[in-house]
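# Structural overview for review
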Amino acid sequence: PSLTGSWHLEMIFPDATSIKLDLKLQQTGTSITGTVATATGENPVTGIIDGSNVTLTETVTGGSIVFKGKQVNANTMQGTVDAPPFGTGNWTAAR
């Protein structure tokens, strides 16, 4: 199933920090583009899907946040996120 559409994204880090964001994606073939809405505006997202494996990179001031995981079903994705300065955590996204 296509990842195109709006997603509710949550990142949870080992110190129990939880960050919830809105993600909008457009999938063309295996390429993904989109935006993440943050408190300071929208950040661009690029990525790929290979089978059910998903990699998304959000460009932020001074670097990037990398999401790696799987499309569990048409309405759910989950995996791990590397998000300096928070470190490595888990993420889920649902429509």
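The sections below set out a description of the structure shown in this document. Bear in mind that the values here come from a model prediction, so they are computed numbers and not experimental data.

### Examining the side chain of Gln 27
Tracing the sequence through the fold places Gln 27 in strand β2 (residues 18-28). Given a relative accessible area of 18%, Gln 27 falls into the buried group. Here the side chain of Gln 27 touches Leu 3 through a polar contact of 2.8 Å, landing on its backbone nitrogen. At a separation of 2.9 Å, a polar atom in the side chain of Gln 27 contacts the main-chain carbonyl oxygen of Gly 29. Not counting residues within four places of it along the chain, the set of residues in contact with Gln 27 comprises Pro 1, Ser 2, Leu 3, Thr 4, Ile 32 and Ile 49.

### Things to note about the nonpolar core
Counting residues in hydrophobic clusters, the biggest one holds 21 residues, and the most contacted among them are Leu 3, Leu 25, Leu 56, Phe 67, Met 77, Val 81 and Trp 91. Elements represented by at least two residues in this core include exactly β1 (5-12), β2, β3 (31-38), β4 (41-50), β5 (53-60), β6 (63-73), β7 (76-83) and β8 (87-94). Excluding residues that lie within four positions of it along the chain, Leu 56 makes contacts with Leu 23, Leu 25, Ile 32, Val 45, Thr 46, Gly 47, Ile 65, Val 66 and Phe 67.

### Some points on the packing of aromatic side chains
Per the counting criterion, the structure on display carries two aromatic pairs. Look at Phe 13 and Phe 86: their rings are 5.2 Å apart centre to centre, the planes differ by 25°, and that puts the pair in the stacked class. Of the two residues, Phe 13 is situated in the loop between β1 and β2 and Phe 86 in the loop between β7 and β8; the sequence distance between them amounts to 73 residues. Judged by its relative accessible area of 43%, Phe 86 falls in the partly exposed class. Ring centres 5.6 Å apart and planes at 85° place the aromatic pair Phe 67 and Trp 91 in the edge-to-face group. Here Phe 67, found in strand β6, pairs with Trp 91, found in strand β8; they are 24 residues apart in sequence, far enough to count as distant. Trp 91 carries the same exposure label as Phe 67, and that label is buried.

Calculation notes
- Residues numbered from 1 in each chain as written.
- Predicted model: local features only at pLDDT ≥ 70, side-chain atom pairs only at ≥ 80, totals over all residues.
- Heavy atoms only, no water.
- Helix = DSSP H or I, 4+ residues; strand = E, 2+ residues; numbered from the N terminus.
- Buried < 20%, exposed > 50% of the residue type's maximum accessible area, 1.4 Å probe, protein only.
- Polar contact = N/O pair within 3.5 Å; in protein donor to acceptor, adjacent residues only side chain to side chain.
- Contact = heavy atoms within 4.5 Å.
- Core = buried A, V, L, I, M, F, W, Y, C linked by side-chain atoms within 4.5 Å.
- Phe/Tyr/Trp six-rings, centres within 6.5 Å; stacked < 30°, edge-to-face > 60°.

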